[in-house]
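Results of the structural survey
Listed below are the residues making up each chain.
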Amino acid sequence: MSLATASDPYAQDGPYAWFRLAISILLSTLGGAGMWAVVIVLPAVQTDFGIDRADASLPYTATMFGFAAGNYLLGRFVDRYGIVLPVIGSALSLSAGFVLAAFAPDVWSFSLAQGVLIGLGTAATFGPLIADISHWFLKRRGFAVACAACGNYLAGVLWPSLIQWSLATTDWRHTYILIGVICLVAMVPLALLLRRPPPDTSLSAASATARFGRQDTGLPPAVLQALLVVAGLACCVAMSMPQVHIVAYCVDLGYGVAPGADMIALMTGAGVVSRLTSGYIADKIGGVMTLLIGSVLQCAALFLFIPFNGLASLYLVSLIFGLSQGGIVPSYAVIVREYLPAREAGQRVGLVIMSTILGMALGGWLSGWIYDLTGSYQAAFLNGIAWNFLNMAVMIFIFMRGKMRPTGAAA
């Protein structure tokens, strides 16, 4: 521990920073219910409303659109006013959204509650929390960002098990009411623990020894931001195929809902390991190379879903997929902090995260549409692979531009 950290527990990388990270992970895990609940109840919602697979995917797509918009809009708010109010608003929005969705008479009302209330409510517990925690770390920023992003995947491990248990004892509507109550009761007190503003040094120019904020591609910030948006969209169209449709895929193959829910938990559990590992690697080799490695591995995992559809094989491939792709999304936040201004971290991280969520939304709907068109998920996997190649191409371009440029100080 440095002398500065020892004398000031609220300094970057200090004891309070790690305490704050733990609270952020808890909040992200609770708020992540908004992403995963709709995936687990998809078959039940389809049966209840008497709709086809593409229409049953619309609530998830609406959730992702609300989640995407919230990450950008709330990111701008966090840059100016801090994280506490957005997280309290998130708790209120999630609670109201789950309760209203539970009383929805049709898929359109259900989608509206998912998109406007649940999607926006979930947003505050992802991109804005990641941007906020990035201000509290310097030497371990990549690892801290990855830890904060793990809450989203821990939600994918814990919530499916709770929802699956609830569905076995009651219906999806009562399950939604239960989730709404949990979010409200648990999240508001935790949000109040984050009232302290970030240290002034976190928003100042990077030190001479710091890599973060000093990398240079020679591209204007707007161009680099646009490239990251394209990359984020592409990687998550690919990522969405297994994550959104694995439960429905297992039902179609005759394995039932339970194995599909277990596979989501397996993917996200492995994704936690992947995110932590990627965060550690990002502190060593940078965000761009870390993201590129993850993208290549995700593409390889998607190929494995095509020939292997036995129950044991799907469990194994789901594990490989989770280990491959978990570190991709938080790597974008590391890249933003490496290349773009610290004072704009909230909105810039939010914009890139928004693009990844839009990719999940587009990919979730597109896979359902391709399934309805072809009667098979094989073409949907191939579609995901094609988008993955686009992501890899963008990241290779950014990496090569960076290799040809000196650091910010030399430039």
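In short, a report on the structure. Just so you know, the residues in each chain are numbered from 1, in the order the chain's sequence is written. Predicted model: local features are reported for residues with pLDDT of at least 70 only, side-chain atom pairs are reported and counted for 80 or more only, and whole-chain, interface and lining totals are derived from all residues. Values shown for side chains rest on all heavy atoms present in the structure; no hydrogens or waters enter the calculation.

**What about the overall build of the chain?**
A run of H or I in DSSP counts as a helix once it spans at least four residues, and a run of E counts as a strand once it spans at least two, with each numbered from the N terminus. Broken down by element type, the chain carries 17 helices and zero strands. Along the first, second and third principal axes, the C-alpha set of the chain runs to 60 × 45 × 35 Å. Considering only contacts within the chain whose residues lie at least 6 apart along the sequence, 84% involve residues at least 24 apart. For the chain, the exposed area adds up to about 15,100 Å²; of that, 70% sits on carbon and sulfur atoms. The contact criterion used throughout is that any non-hydrogen atoms of two residues lie within 4.5 Å. Computed with a 1.4 Å probe, the accessible areas rest on the Shrake-Rupley method; for each residue, only the protein chains presented here act as cover.

**Observations regarding a nonpolar patch on the surface**
A cluster of nonpolar side chains, contributed by Val 273, Leu 316, Leu 319, Ile 320 and Leu 323, occupies part of the molecular surface with about 390 Å² of accessible area. No other element matches the four residues that helix α14 (residues 311–325) contributes to the nonpolar patch. Structurally, Val 273 can be placed in helix α12 (residues 257–285). Exposure remark for Val 273: the relative accessible area of 44% places this residue in the partly exposed category. In this analysis, a patch consists of residues with relative accessible area above 30% that form no salt bridge, clustered at 9 Å for like charges and at 5 Å for the nonpolar side chains Val, Leu, Ile, Met, Phe, Trp and Tyr. A pairing counts as a salt bridge when a side-chain nitrogen of Lys or Arg comes within 4 Å of a carboxyl oxygen of Asp or Glu. Residue burial is assigned from relative accessible area. The probe radius is 1.4 Å, only protein chains are included, and a residue is buried under 20% of its type maximum, exposed over 50%, and partly exposed in between.

**Description of the packing of helix α3 (residues 33–40) against α12**
Describing two packed helices takes the angle between their axes plus the distance from one axis to the other. Comment: axis = line fitted to C-alpha atoms, over the contacting stretch for helices; angle = value between 0 and 180 degrees taken between N-to-C directions. Relative orientation of the contacting elements α3 and α12 amounts to 150°, with a least axis distance of 11 Å. Classed by the angle they form, the pair α3 and α12 counts as roughly antiparallel. Pair α3 / α12 crosses with right-handed handedness. On the side of α3, the interface is formed by Trp 36, Val 39 and Ile 40, while α12 contributes Ala 261, Ile 264 and Thr 268. Classes in brief: Ala, Val, Leu, Ile, Met, Phe, Trp, Tyr, Cys and Pro nonpolar; Asp, Glu, Lys and Arg charged; the others, Gly included, polar. By residue class, the composition of the contact of α3 with α12 is five nonpolar, one polar and no charged. Note that the term roughly parallel is reserved for angles under 35 degrees, roughly antiparallel for angles over 145, roughly perpendicular for angles of 65 to 115, and oblique for everything else. Left-handed describes a crossing whose near helix is turned anticlockwise from the far helix through less than a right angle; right-handed describes the clockwise counterpart.

**Comments concerning the pattern of salt bridges**
Applying the stated criterion to the full structure yields two salt bridges. Two residues, Arg 20 and Asp 132, come together in a salt bridge whose shortest N-O distance is 3.0 Å. Of this pair, Arg 20 sits in helix α2 (residues 15–31) while Asp 132 is found in helix α8 (residues 127–134), placing the two residues 112 residues apart along the sequence. On the basis of relative accessibility, which here comes to 1%, the residue Arg 20 falls in the buried class.

**Overview of α3**
In terms of residue burial, α3 counts as a mostly covered element, since eight of its eight residues are buried. Listing the buried residues of α3 in full gives Ala 33, Gly 34, Met 35, Trp 36, Ala 37, Val 38, Val 39 and Ile 40.

**A few points about helix α10 (residues 172–191)**
Along an α-helix, residues three or four positions apart point the same way, because every turn accommodates 3.6 residues. Given a helix with a known number of residues, its expected span is that number minus one, times 1.5 Å. With 20 residues, α10 ought to run about 28 Å at 1.5 Å a step, and its terminal C-alpha atoms sit 28 Å apart, in line with that. Burial in α10 covers these residues: Trp 172, Arg 173, Thr 175, Tyr 176, Ile 179, Gly 180, Cys 183, Met 187, Leu 190 and Ala 191. With its buried residues spanning 140° around the axis, α10 presents them on a single face. In α10, the exposed positions that point more than 90 degrees away from the buried face belong to His 174 and Val 185. Residues of α10 that are buried in the fold lie against α2, α3, α4 (42–49), α6 (84–102), α7 (107–123) and α9 (141–169). Structurally, the start of α10 carries an N-cap: the backbone nitrogen of Arg 173 is 3.3 Å from a side-chain oxygen of Asp 171. Taking the helix axis as origin, the arc is that swept by the directions to the C-beta atoms. Whenever two N or O atoms come within 3.5 Å, that pair is a polar contact, provided that in protein one can donate a hydrogen and the other can accept it, and provided that, for residues adjacent in sequence, both atoms are side-chain atoms.

**Quick look at the state of the cysteines**
Note that a disulfide, as used here, is simply two cysteine sulfur atoms within 2.5 Å. By the definition in use, this model includes zero disulfides. Of all cysteine sulfurs in the structure, the one in Cys 236 sits closest to Cys 235, which takes part in no disulfide; the separation is 3.6 Å. On the basis of relative accessibility, which here comes to 0%, the residue Cys 235 falls in the buried class. Residue Cys 299 stays outside any disulfide, its sulfur separated by 12 Å from that of Cys 235, the closest cysteine. Classification of Cys 299 by relative accessible area gives buried; the value is 5%.

**A few points about the environment of Ser 111**
Here Ser 111 shows up in helix α7. Relative accessible area serves as the criterion here: at 9%, Ser 111 is assigned to the buried category. Sequence spacing of Ser 111 and Pro 59 is 52 residues, and the spatial spacing of their C-alpha atoms is 4.2 Å. Beyond its immediate chain neighbours, meaning those up to four positions away, Ser 111 contacts Leu 58, Pro 59 and Ala 62. At 2.7 Å, the side chain of Ser 111 and the backbone oxygen of Val 107 are in polar contact.

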